[in-house]
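What the coordinates show
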Amino acid sequence: MLHIVDDEAVVRDALTWLATSRGIAARAYEGALQFLQQVDSGDFDPGGDCVLLDVRMPDMNGVAVFDHLAARHLTARMPVIFLTGHGDVPMAVDTLKRGAFDFFEKPFNDNQLMDRVQEGLAGSRQAGEMAAIHARLATLSTREREVLDLILAGKMNKVVADELGISMRTVEVHRAHIFDKMQVKTAVELAGLLK
């Protein structure tokens, strides 16, 4: 989902049309506070999210919105592309150093902007997938993590049992729980997921 945050209706409409013409779902916000309410709801698109953010807005400027997202560690999940007619080189450099995905000045090239949006959405999808994997890893018990590490090292159940001082049957139970929690069917699939 492309989130367009700009106080000018004509800009929001044009960017929404441009995104949808490229097959990108878009949602427009007339101000920063309206957008931040959506962010606070935690409703992220599994297909990825990207933010086109104007720098100058009446309720809160775009840099402050970006700082809010960065403070919540959301810039990987919601890459921010600044779009402004009032930017300058130091501002662009500063925001890019702090993790903004890109910085465009108006007027902008439609194709270049939408290409960067698509790259941002791809990065967001990848960040969302990684977050889901880490969340699944967090559900493993300490013993399951120990068994997981040995499985990933390529050790057979008997060797895992010997190294941990537990029965082979207990290793099999832990292994089944690990596969279930990580949503995989084989050790190869598990290794591919965690590479």
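Source: prediction; values computed, not measured.

Cut-offs and rules
Residues numbered from 1 in each chain as written. Predicted model: local features only at pLDDT ≥ 70, side-chain atom pairs only at ≥ 80, totals over all residues. Heavy atoms only, no water. UniProt positions renumbered as here; feature names shortened; annotations may be inferred. Helix = DSSP H or I, 4+ residues; strand = E, 2+ residues; numbered from the N terminus. Salt bridge = Lys/Arg side-chain N within 4 Å of Asp/Glu carboxyl O. Buried < 20%, exposed > 50% of the residue type's maximum accessible area, 1.4 Å probe, protein only. Contact = heavy atoms within 4.5 Å. Arc of directions from axis to C-beta.

Quick look at the UniProt feature "domain: HTH luxR-type" (unreviewed entry) in the protein now. Here the UniProt feature "domain: HTH luxR-type" (unreviewed entry) sits at residues 133-195. Between the C-alpha atoms that bound residues 133-195 the distance is 11 Å, and the span itself is 75% helix and 0% strand.

Applying the stated criterion across every chain, the model contains 13 salt bridges. A salt bridge links D94 to R98, with the nearest nitrogen and oxygen atoms 3.2 Å apart. The partner of E119 in a salt bridge is R116, with the nearest N and O atoms 2.4 Å apart. Here E119 pairs with R116, and both are found in helix α5 (residues 110-138), just 3 residues apart, close to one helical turn. Given the relative accessible area of 41%, E119 is considered partly exposed. R116 sits in the partly exposed class, given a relative accessible area of 22%.

On to the side chain of E144. Assignment of secondary structure puts E144 in helix α6 (residues 142-152). Discounting residues that sit within four places of it in the chain, E144 has contacts with T139, H174, H177, I178 and K181.

Here we come to helix α2 (residues 32-40). Among all positions in α2, only A32, F35, L36, Q38 and V39 are buried. An end-on view of α2 places all buried positions within 155° of arc, on one side of the element.

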